[in-house]
Amino acid sequence: MKTQTSEGINRTGMATSPQLAREMLEGTKSTIPSSEGDADDLALVRIEYTKVGLPVGTMPPPATGKPMTDAERVFMDKLGERLAFERAGTRLYDALLSKFDAYGTWPGGPERADLEEIREEEHEHFTLLQSAIAQLGGDITAVTPSANVHAVASKGLPAVLTDPRTNLQQCLEAILVAELVDNDCWENLTTLATALGQEELATAFTAALEEERDHLERVRTWIRAGLSELTGEPLT
Amino acid sequence: MTLDLFKTKGTPLDKQVFTWRDLVQPPYSKLDDDAFTRVRVILMNGIESEALRFSHACARMNSKLQAALAAIRRVEQHQQTMVNWLNPADQSPLETTIGFEQVAIEVTASVAQHEPDPYLAQVYRFGLLEDFDHLYRYSALYDRLEGKDANTLVQSYTDILPGRPTVVEHRAPIDDLRRPYDRATAQAVTKLNALTIMAGEHQTHDYYMTVGPFFSDPTARQLYAEIASIEEQHVTQYESIIDANETWLEKWVLHEANEVYNYWSCVEFEQNPRIKKIWERFLDYELGQLQAVCAIFEDIERRDVQEILPAKLPEPIQYVSQRAFVREVLEQEVDLRAQGTEFVDASELPKDSPSTQYARQINSEGSPSQTVAAGWVWEPGTELSGTAGLQPGATRVGEAAQPTGNGNSRSPR
């Protein structure tokens, strides 16, 4: 397993240049701010802009023309969110597979078949959500507000996974972020489906949630095994 | 209804003021606003960027104009800020890129159909098919990198199809130069068209050069490098159609008139009332700037500005889908290639022509635009979706057909 923790020439810390660090501290000790206040001043500006009241977006009108209740729109928003996340997740595992092919694995780490299997399950979850949205009269091509917000929240993940300089261990830690979020969101989706009387969907979503729990556990195990390999210490 | 450039005085320069709060308005919504609102914001940022670029070049060559240029340039700087900051933070660089290509397709198509000079109309159609292909390549990247559908941005106004393949767009510099219009005989609309498209392409180039390094994926980085190179070719093409014998002041007047024309076109088509007010405000600002520059022109050049400007503006840029026109051009002209300033069929280009040799060299280690779209066809909801039969209300969970998207058919390794 290739590592990036060997000693090198990282220059970001002050300890690497003690004389320059002393000069920096001398400068800052003799300086007073040009304005009074603290970081809360930024919050005041954020609140002022928030009061304008513009959302990032709204839900599209029902594709079938049949009006939706507020609860149905919330459900549709979250379905759209998971659909977009699972589709993006499929691409994350595509990138992870190329990382596996470039770096190989370690004892207790993932096999290619493991990653392919999870990739296929992410894709199946995506198609399950397509079917659910279509069945409920939604537009499977629309980006819902929640889908958009989750895309912004997770936009660093493909940046880690597609960077040729990151290794499989680092990428699994990025995938862990996605799987943690995915687990919680599938739980919420299953609960919502049950609350709205969508028993058939709730059953299908419960099965998807079980698969997501398995993904999370496997990723955690691979990361621990990787850390064990890197440190030479058994981790339980 | 048109606008009389000489009777409408606009906002006086000393009333063209801003605050930081004023400059940073709430952005448009990526999800809710019409795609043409994004198109206008992107284009007008390019128009203002060109205003600054020209103003600085002019100042470096004309010391007597420096004070007047600096005064108006400060306002243009803040106009560009307010316009560019209308892009929302949840719109990623790749999403904005897709917006840039929609600008290049739809605006160039409108311009090509309203250009009275048949040679220049051909130039616009030639460039159009190349930007049309860029939209397809970036859409493939958006799908394959992030699992997202570019049609959520272009909103079905613009086809996502291959155009003149980017891989064959790489030409020797000599084949990017075109014949210029004649400043003495060209119609005003010809001059405005050229400035508009040159400004848009220049900003596109600068944007790709700025955001390209933000990407991690090596194919994405290569693709931005490749398409930025074509945008540089396009800037070369479009600046060469402008008569280089225009005086500096003549060019300044035309720039200001073009800014009036473009803001007026935006006002005519904008549906978002909040954004429309910004276009109206800046139309008035530009009219004020035009009046000031016309006065300088007449004072220094000792000739009537009506020698170079018409009283009435031409028909506004049409911010509507140009699908039918683009498809027709695609069908008839995709195989055209440039040879010097002229256009010939690909079969007529000699195998050892400067452009053939240049393309062979630059593509000799592979083509990112070919790699990114290998086997890719746009599908609603990405190539992963296999959307056949998934119309609203048409299927039930457990009964859906298996997806057929080719993105899900991975090659054995």
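Conventions used here
- Residues numbered from 1 in each chain as written.
- Chains lettered and ligands numbered in written order.
- Predicted model: local features only at pLDDT ≥ 70, side-chain atom pairs only at ≥ 80, totals over all residues.
- Heavy atoms only, no water.
- Helix = DSSP H or I, 4+ residues; strand = E, 2+ residues; numbered from the N terminus.
- Contact = heavy atoms within 4.5 Å.
- Areas by Shrake-Rupley, 256 points an atom, 1.4 Å probe, with all protein chains shown as cover.
- Lys, Arg positive; Asp, Glu negative; His and termini not counted.
- Charge placed at Lys NZ, Arg CZ, Asp CG, Glu CD.
- Buried area = accessible area lost by both parts, 1.4 Å probe.
- Salt bridge = Lys/Arg side-chain N within 4 Å of Asp/Glu carboxyl O.
- Nonpolar A, V, L, I, M, F, W, Y, C, P; charged D, E, K, R; others polar.
- Phe/Tyr/Trp six-rings, centres within 6.5 Å; stacked < 30°, edge-to-face > 60°.
- Core = buried A, V, L, I, M, F, W, Y, C linked by side-chain atoms within 4.5 Å.
- Buried < 20%, exposed > 50% of the residue type's maximum accessible area, 1.4 Å probe, protein only.
- Polar contact = N/O pair within 3.5 Å; in protein donor to acceptor, adjacent residues only side chain to side chain.
- Pairing = 2+ DSSP bridges.
- Patch = residues over 30% accessible without salt bridge, like charges linked within 9 Å, V, L, I, M, F, W, Y side chains within 5 Å.
- pLDDT = per-residue confidence, 0-100.
- Axes fitted to C-alpha atoms, helices over the stretch in contact; angles between N-to-C directions.
- Parallel < 35°, antiparallel > 145°, perpendicular 65-115°, else oblique.
- Left-handed = near helix turned anticlockwise from the far one by under 90°.

Caption draft 1: Structural context of the overall build of chain A. The number of helices and strands found in chain A is 8 helices and 0 strands. Counting only C-alpha atoms, chain A reaches 70 × 55 × 30 Å along its principal axes. Within chain A, contacts between residues separated by at least 24 positions form 80% of all contacts whose residues are at least 6 apart in sequence. Only carbon and sulfur atoms are counted for the fraction: they give 57% of the accessible area of chain A, which is about 12,900 Å². Once the 21 positive and 39 negative side-chain charges of chain A are each reduced to a mean point, those two points are 6 Å apart.

Caption draft 2: Quick peek at the interface of chain A and chain B. Each partner contributes to the interface: chain A provides 47 residues, whereas chain B provides 41 residues. Between chain A and chain B the total buried area reaches about 3,500 Å² when both faces are included, carbon and sulfur atoms providing 54% of it. It is Tyr-49, Arg-87 and Arg-91 of chain A that lose the most area in chain A upon contact with chain B, and together they represent 19% of the buried surface on that side. Summed over the shared surface of chain A and chain B, the number is 3 salt bridges. Here Asp-143 of chain B makes a salt bridge to Arg-91 of chain A, at a shortest N to O gap of 2.8 Å. Contributing elements (two or more residues each) for the side of chain A that touches chain B: α2 (40–50), α3 (70–103), α4 (112–135), α5 (145–153), α6 (156–161) and α8 (199–231) of chain A. It is α4 of chain A that provides the largest number of residues to the side of chain A that touches chain B, a total of 12 residues. Split into classes, the residues belonging to the side of chain A that touches chain B amount to 21 nonpolar, 15 polar and 11 charged.

Caption draft 3: Molecular detail of the packing of aromatic side chains. Residues and elements named next belong to chain B. Counting across every chain of the model gives 22 aromatic pairs over all chains. Relative to Phe-282, the ring of Phe-18 lies with its centre 6.2 Å away and its plane at 65°, an arrangement referred to as edge-to-face. One end of the pair, Phe-18, is in the segment before α1 (20–23); the other, Phe-282, is in helix α10 (residues 273–301), with 264 residues separating them in the sequence. A centroid spacing of 4.7 Å and a plane angle of 25° characterise the contact between Phe-215 and Tyr-224, whose relative ring orientation is stacked.

Caption draft 4: Quick look at the nonpolar core. Residues and elements named next belong to chain B. Within the largest apolar cluster, 111 residues are counted, with the highest numbers of intra-cluster contacts made by Val-107, Tyr-124, Tyr-138, Leu-141, Val-253, Trp-279 and Leu-309. By residue number, the principal contributor to this core is helix α5 (residues 118–146), which donates 15 residues. Those residues in contact with Leu-309 that sit more than four places away from it in its chain are Leu-5, Phe-6, Val-253, Leu-254, Ala-257, Leu-290 and Cys-294.

Caption draft 5: Looking closely at the environment of Glu-342 of chain B. Residues and elements named next belong to chain B. Structurally, Glu-342 can be placed in strand β2 (residues 342–345). Between the C-alpha atoms of Glu-342 and Leu-177, which are 165 residues apart in sequence, the distance is 9.1 Å. A polar atom in the side chain of Glu-342 sits 3.0 Å from the side chain of Arg-179. Among the polar contacts made by the side chain of Glu-342, one reaches the side chain of Thr-341 at a distance of 2.7 Å.

Caption draft 6: Local environment of the pairing of strand β1 (residues 336–339) of chain B. All names here are of chain B. Sheet analysis places β1 next to β2, joined by 4 bridges and oriented antiparallel. Bridging from a neighbouring strand, Leu-336 pairs with Asp-345 of β2. Between β1 and the antiparallel strand that follows it, β2, lie 2 residues; Gly-340 among them carries a positive phi value of about 65°.

Caption draft 7: Looking closely at the side chain of Arg-38 of chain B. Residues and elements named next belong to chain B. Mapped onto the elements of the fold, Arg-38 is located in helix α2 (residues 35–61). Buried and without a salt bridge, Arg-38 has Glu-95 as its closest oppositely charged side chain, separated by 7.2 Å. Engagement of the side chain of Arg-38 in a polar contact is seen with the backbone oxygen of Leu-153, the distance being 2.7 Å. Dropping the residues within four chain positions of it, Arg-38 is found in contact with Tyr-28, Lys-30, Gln-91, Gly-99, Leu-153 and Gln-155.

Caption draft 8: Up close: a nonpolar patch on the surface. Together, Met-14, Met-24 and Leu-25 of chain A give the surface a local cluster of nonpolar side chains, amounting to about 330 Å² of exposed area. Tracing the sequence through the fold places Met-14 of chain A in the segment before α1 (18–29).

Caption draft 9: Broad picture of the pattern of salt bridges. All names here are of chain B. For the structure shown, the criterion picks out 41 salt bridges over all chains. Put simply, Arg-40 and Glu-270 hold a salt bridge, and the shortest N to O gap is 2.9 Å. You can see Arg-40 sitting in helix α2 and its partner Glu-270 sitting in the loop between α9 (248–269) and α10, a full 230 residues away along the chain. Each member of the pair, Arg-40 as well as Glu-270, is classed as buried. Here Arg-303 ties to Glu-250 by a salt bridge, and the two come within 3.0 Å at their closest N and O atoms. Here Arg-303 is found in the loop between α10 and α11 (323–333), whereas its partner Glu-250 is found in helix α9, with 53 residues between them in sequence. Judged on exposure class, the residue Arg-303 and its partner Glu-250 are both buried.

Caption draft 10: Inspection of the side chain of Glu-106 of chain B at higher detail. Residues and elements named next belong to chain B. Turning to its location among the elements, Glu-106 is positioned in helix α4 (residues 93–114). Although buried, Glu-106 forms no salt bridge, and the nearest oppositely charged side chain, Arg-323, lies 7.1 Å from it. Not counting residues within four places of it along the chain, the set of residues in contact with Glu-106 comprises Phe-36, Tyr-157, Thr-158, Val-320, Ser-321 and Gln-322.

Caption draft 11: Summary view of unusual backbone geometry. Residues and elements named next belong to chain B. For Ser-156, which is not glycine, the phi dihedral falls at a positive 65°. Among the structural elements, Ser-156 can be located in the loop between α6 (151–154) and α7 (188–211). Phi is positive for Thr-382, which is not a glycine, with a value near 85°. Counting through the fold element by element, Thr-382 comes out in the segment after α13 (368–372).

Caption draft 12: View of the confidence of the model for chain B. Residue and element names in this part refer to chain B. For chain B, the mean per-residue pLDDT works out to 94, and 93% of the residues sit at or above 70. Here residues 398–406 is a poorly scored stretch, pLDDT under 50, and it has 12 contacts once near neighbours within four places are set aside; other chains count. Low pLDDT, under 50, characterises residues 408–413; the stretch is placed with 10 contacts to residues that sit more than four places away or in other chains. As a predicted assembly, this complex carries a pTM of 0.94 together with an ipTM value of 0.94.

Caption draft 13: The arrangement of the packing of α2 of chain B against helix α3 (residues 66–84) of chain B in detail. Residue and element names in this part refer to chain B. Two elements in contact, α2 and α3, have axes whose closest approach is 9 Å; the angle formed by their N-to-C orientations is 160°. With respect to each other, α2 and α3 are oriented roughly antiparallel. Where α2 crosses over α3, the two elements pack in a sense that is left-handed. Contacts between α2 and α3 involve Val-41, Met-44, Asn-45, Glu-48, Ser-49, Ala-51, Leu-52, Ser-55, His-56, Cys-58 and Ala-59 from the former and Gln-66, Leu-69, Arg-73, Glu-76, Gln-77, Gln-79, Gln-80, Val-83 and Asn-84 from the latter. Of the residues in the contact of α2 with α3, the class split is 8 nonpolar, 9 polar and 3 charged.

Caption draft 14: Looking closely at the packing of helix α7 (residues 168–195) of chain A against α8 of chain A. Residues and elements named next belong to chain A. At their nearest, the axes of α7 and α8 sit 8 Å apart, and the two run at 160° to each other. Overall, the two elements α7 and α8 adopt an arrangement that is roughly antiparallel. Regarding α7 and α8, the two cross each other, and that crossing is left-handed. Grouping the amino acids of the contact of α7 with α8 by side-chain chemistry returns 18 nonpolar, 7 polar and 8 charged.

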